[in-house]
Amino acid sequence: MVRSIGSDRINAGVFISGTGSNLENLIKFSLNKKLPININLIFSDKYNAKGLRFAKKYKIKKKIYLFKNKMNDEKKILKVLKKNKIKLICLAGFMKILSKNFIKKFDGKIINIHPSLLPKYKGLKTHERVLQNKEKFSGCTVHYVNSKLDSGKIILQKKVKIRKNDTVDKLSKRILKQEHKIFPEAIKKIMPNL
Ligand code: GRF
């Protein structure tokens, strides 16, 4: 099935913990009708996540759950998702690990972006480890979320060459640019299955 952009859009929620550059990028793509999704909800586990400012800027509903009691918060989130008919969850720099139960309820509909060429460098501090190990390449990956950290089926990946004088800052900026390209592309790719 091919979805024509603009006619058959699905509702999406984006989960963030930090800056939210991927969030804003996805919002812009959806507003420019380059992606057949409406971002209706922004979730965060932090009151002070910088990216929450995009809720105000783009008039999108935001919800904050601190995940102190994960099961309770996930129950509440599931209710909100249902009420808002959310069909796709994008994790964009979201630092909490969702439970198996939660993932099962949204099986095949939760995707994550990770700043490495998975399956290499799962988890945190990817750029530091990549540089320490003197890798020639790093990159970014969009993948489905399953119950193991950064381990679900890969949807799209982009390689980025490591430069001689690279630093964590320089490398992460170059990779982030690529993230902004592949996240929307990955969503387009999986649209027929949502
Ligand atoms: C990105 O590098 C993403 O791959 C990782 O967290 C970072 C989030 O950046 N999971 P931003 O908040 O979207 O700017």
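Anything mentioned here points back to the structure above.
A brief structural summary. As the structure is a computational prediction, the values presented were derived from the model and not from experiment.

Before going further, it helps to examine the packing of aromatic side chains. Using the criterion set out here, one finds six aromatic pairs in the structure. Ring geometry for Phe15 versus Phe43: centroids 4.6 Å apart, planes at 35°, classification tilted. Here Phe15 is found in strand 1 (residues 10–16), whereas its partner Phe43 is found in strand 2 (residues 37–44), with 28 residues between them in sequence. Judged by its relative accessible area of 0%, Phe15 falls in the buried class. Ring geometry for Phe15 against Phe94: centres 5.2 Å apart, planes inclined by 85°, an arrangement best described as edge-to-face. One end of the pair, Phe15, is in strand 1; the other, Phe94, is in the loop between strand 4 (86–91) and helix 4 (100–105), with 79 residues separating them in the sequence. Classification of Phe94 as buried rests on a relative accessible area of 8%. The structure contains a cluster of three or more aromatic residues connected by ring pairs, namely Phe15, Phe43, Tyr65, Phe67 and Phe94. The cationic tip of Lys34 hangs over the ring face of Phe29; the distance from NZ or CZ to the ring centre is 5.1 Å. A cation over a ring is seen here: Lys159 above Phe137, with NZ or CZ 4.4 Å from the ring centre.

Right, let's get into the site of the ligand. The environment of the ligand is made up of Thr19, Gly20, Ser21, Asn22, Gly93, Ile113, His114, Pro115, Leu176 and Glu179. Here an oxygen atom of the ligand and a backbone polar atom of Gly20 are 2.7 Å apart. Contact distances for the ligand include 2.6 Å between an oxygen atom and a side-chain N or O atom of Ser21. Calculation on the ligand without its partners gives an accessible area of 370 Å², and the protein chains cover 81% of this total. Looking at the shell around the ligand, the elements that each hand over two or more residues are helix 1 (21–31), strand 5 (110–114) and helix 6 (168–190). Looking at the shell around the ligand residue by residue, the classes come out as three nonpolar, six polar and one charged. Both domains that furnish three or more residues to the shell around the ligand are identified here as domain 1 (9–107) and domain 2 (115–194).

About the cut-offs
- Residues numbered from 1 in each chain as written.
- Predicted model: local features only at pLDDT ≥ 70, side-chain atom pairs only at ≥ 80, totals over all residues.
- Heavy atoms only, no water.
- Phe/Tyr/Trp six-rings, centres within 6.5 Å; stacked < 30°, edge-to-face > 60°.
- Helix = DSSP H or I, 4+ residues; strand = E, 2+ residues; numbered from the N terminus.
- Buried < 20%, exposed > 50% of the residue type's maximum accessible area, 1.4 Å probe, protein only.
- Lys NZ or Arg CZ within 6 Å of the ring centre and 35° of its normal.
- Near = heavy atom within 4 Å.
- Polar contact = N/O pair within 3.5 Å; in protein donor to acceptor, adjacent residues only side chain to side chain.
- Areas by Shrake-Rupley, 256 points an atom, 1.4 Å probe, with all protein chains shown as cover.
- Nonpolar A, V, L, I, M, F, W, Y, C, P; charged D, E, K, R; others polar.
- Domains from an automatic or database assignment.

This is a description of form; function is not addressed.
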